[in-house]
Amino acid sequence: MTKRCCFFFLLLFLAGGASAQTYNILNYGAIADGKTINTKSIQTAIDQCAKTGGTVLVPAGVFLTGTLYIKDNVTLYLDKGATILGSASFADYPDNDVHYINFFTHFPNGSSRTNKALLFAEGVQGITIRGKGTIDGNGAAPAFDLGDDAHSDKSKERPCTILFVNCKKIKVENIHLTNPAYWLENYIDCDGLLLKRLTVYNHSNFNVDGMDIDSRNVIIEDCTIDSDDDGICFKSNSRNNFCENITVRNCTIASNCNAIKFGTTSIGGFRNINISGCVIKHSAESPIYHWQKSLQFVDEPITVLAGIAIEMTDGGVVDGIKISGIKMADVQTPVFVYLGNRGRKQPGDTTAAPVGQLKNIVLNNITATSHSKMTSSITAFPGYYVENISLSNIVFNCMGGGDSDEAKIILREKPTGYPENRIYGYVYPAGGLYIRHAKNIALNNIKFDFINKDYRPAVIMDDVIGGKVNALKSPSNGAETIKLINSKEIVQ
């Protein structure tokens with residue numbers, strides 16, 4: 001056989017091999033008209049691909065579909081101009097009886113939630129979703145117009161766009177994700193997750209978080225998120241697992257709720273999480289939340305609730321969070337750290353949930369401009385303390401405007417309330433930072449500026465045991481820079 005023939009057969013072999021590994025959904029009957037339900041066609045391509053491993057190709061066009069079950073070692077590639085569009089009918093989203101039992105997948109009595117999703121997987125590994133196209137959850141469809149947090153009613157559980165449970169080795173890269181009916185990306189008990197260069201735009205409904213992460217060994221980088229609800233939200237749905245070993249870097253997060261949030265569900269806990277180099281700002285639009293109209297003393301029409309919210313309310317443990325290099329604008333409250341005790345049980349609990357722990361938090365190199373009288377805060381409740389919190393190299397440009405009467409406000413204790421920056425009211429008695437029920441607090445090189453003159457102390461420490469304050473700067477407005485209440489062992 002001549003060399004030319006050998007080369008020809010080699011090319012033929014390679015071409016045949018490449019073709020066998022790529023499964024174009026058009027070859028399985030998919031129709032790109034945005035009207036035809038393509039669930040069966042796309043699922044057949046996925047099932048065939050799973051037999052050998054390879055790529056399911058979604059070419060340019062709009063492909064309407066219900067639930068797709070992603071299988072082992074399948075890459076879902078969306079070509080430029082390709083859109084996977086979620087069906088607007090609940091009938092196209094079957095209930096999924098998830099084997100992994102936790103607070104999200106099951107009701108407290110142990111019965112299964114519907115666990116509906118556009119893209120679903122449980123116990124699968126080697127999943128990749130990438131390309132230049134779009135996954136659109138169709139969340140603004142009238143069928144999904146059910147109000148805030150309607151999933152608590154089993155008959156009205158809206159589908160997540162992506163719901164992966166107990167999966168390994170997941171990559172979601174480059175694509176555009178938008179318009180979820182409920183949470184956009186929900187990763188529960190997954191191990192090995194990469195979310196990279198994603199563009200997220202969520203303003204289609206209530207409860208449309210950008211990313212919900214209850215997993216371990218996670219990297220989130222170079223993502224752009226614009227969400228009506230929380231931006232990046234870490235959850236902990238089971239006392240059997242921590243949400244841990246996570247790196248977030250170089251992301252831009254716009255939100256009408258909390259930009260970077262730990263909780264609210266916090267049954268197990270959060271450990272070894274590093275966040276750096278991120279920008280936080282207000283969303284491009286706010287079709288649902290009109291905070292300036294519904295809350296007092298907010299001086300911008302579109303604002304983030306809290307730039308950083310670290311909440312432990314359900315008996316778990318927060319231990320080892322480092323956040324650095326963050327630039328915030330348009331926030332009501334730059335930092336909200338809260339230890340509470342809602343007593344939330346996970347399925348199977350027969351005794352009361354324990355009180356959680358919140359400790360070992362490092363916040364460094366942060367600038368923020370805030371637009372409310374809801375000051376940054378670090379709080380627990382009587383008899384319990386947040387511990388070992390360090391803030392350094394921080395500039396807070398505060399709205400200010402507090403008067404001498406507001407400086408005398410005594411905030412009532414709220415250990416069981418829903419944790420949000422306004423849990424204690426719309427005005428805090430400190431102009432810059434309010435700390436209550438805390439041990440071992442370090443404040444180093446912190447500067448407060450006030451857009452409007454403020455007669456509240458810049459910092460209040462109430463029931464703080466052990467603390468170091470160094471190089472704290474605040475303009476003199478006739479109020480104390482630091483006010484100590486029932487506190488001791490504070491070194492200034």
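Since this is a predicted model, take the numbers as computed values, not measurements.

## So, the confidence of the model for the protein
Argument step 1. Counting all residues, the mean pLDDT for the protein is 94, and 95% of those residues have values of 70 or more.
Argument step 2. A low-confidence stretch, residues 1–20 (pLDDT under 50), is modelled with 3 contacts involving residues beyond four sequence positions or located in other chains.

## A closer look at the packing of aromatic side chains
Argument step 1. Evaluated as defined, the whole model comprises 16 aromatic pairs.
Argument step 2. Ring plane angle 65 degrees and centroid distance 6.2 Å describe the contact between Tyr 93 and Phe 144, whose orientation is recorded as edge-to-face. One end of the pair, Tyr 93, is in the loop between strand 7 (82–86) and strand 8 (117–122); the other, Phe 144, is in the loop between strand 10 (134–136) and strand 11 (160–165), and 51 residues separate them in sequence.
Argument step 3. Note on Tyr 338 and Tyr 424: the rings are 6.4 Å apart at their centroids and 55 degrees apart in plane angle, and the pair reads as tilted. Taken as a pair, Tyr 338 in strand 24 (residues 317–339) and Tyr 424 in the loop between strand 27 (386–400) and strand 28 (433–452) lie far apart in primary sequence, 86 residues in all.
Argument step 4. The class of Tyr 338 is buried, set by a relative accessible area of 1%.
Argument step 5. Through a chain of ring-to-ring contacts, three or more aromatic side chains come together here, namely Phe 336, Tyr 338, Tyr 424, Tyr 428 and Tyr 434.
Argument step 6. A cation over an aromatic ring shows up here: Arg 436 above the ring of Tyr 424, its NZ or CZ 5.3 Å from the ring centre.

## Things to note about unusual backbone geometry
Argument step 1. Cis geometry marks the peptide bond from Gly 263 to Thr 264; its omega dihedral reads 10 degrees.
Argument step 2. Unusually for a residue other than glycine, Asn 115 sits at a positive phi of about 50 degrees.
Argument step 3. The topology assignment puts Asn 115 in the loop between strand 7 and strand 8.
Argument step 4. Accessibility expressed as a relative area gives 3% for Asn 115, which makes it buried.
Argument step 5. For Asn 217, which is not a glycine, the phi torsion comes out positive at approximately 60 degrees.
Argument step 6. On the secondary structure map, Asn 217 appears in strand 16 (residues 211–221).

## Some thoughts on the nonpolar core
Argument step 1. One finds Ile 129, Phe 164, Phe 234 and Leu 443 to be the most contacted residues of the largest nonpolar core, which totals 106 residues.
Argument step 2. Sorting elements by how many residues they give to this core places strand 24 first, with 9 residues.
Argument step 3. Among residues more than four places away in sequence, those in contact with Leu 443 are Leu 391, Leu 433, Ile 435, Val 459, Met 461, Lys 468, Val 469, Asn 470 and Leu 472.
Argument step 4. By size, the runner-up hydrophobic cluster in this structure holds 18 residues, among which are Tyr 289, Leu 295, Ala 306 and Leu 411.

Conventions used here
Residues numbered from 1 in each chain as written. Predicted model: local features only at pLDDT ≥ 70, side-chain atom pairs only at ≥ 80, totals over all residues. Heavy atoms only, no water. pLDDT = per-residue confidence, 0-100. Contact = heavy atoms within 4.5 Å. Phe/Tyr/Trp six-rings, centres within 6.5 Å; stacked < 30°, edge-to-face > 60°. Helix = DSSP H or I, 4+ residues; strand = E, 2+ residues; numbered from the N terminus. Buried < 20%, exposed > 50% of the residue type's maximum accessible area, 1.4 Å probe, protein only. Lys NZ or Arg CZ within 6 Å of the ring centre and 35° of its normal. Core = buried A, V, L, I, M, F, W, Y, C linked by side-chain atoms within 4.5 Å.

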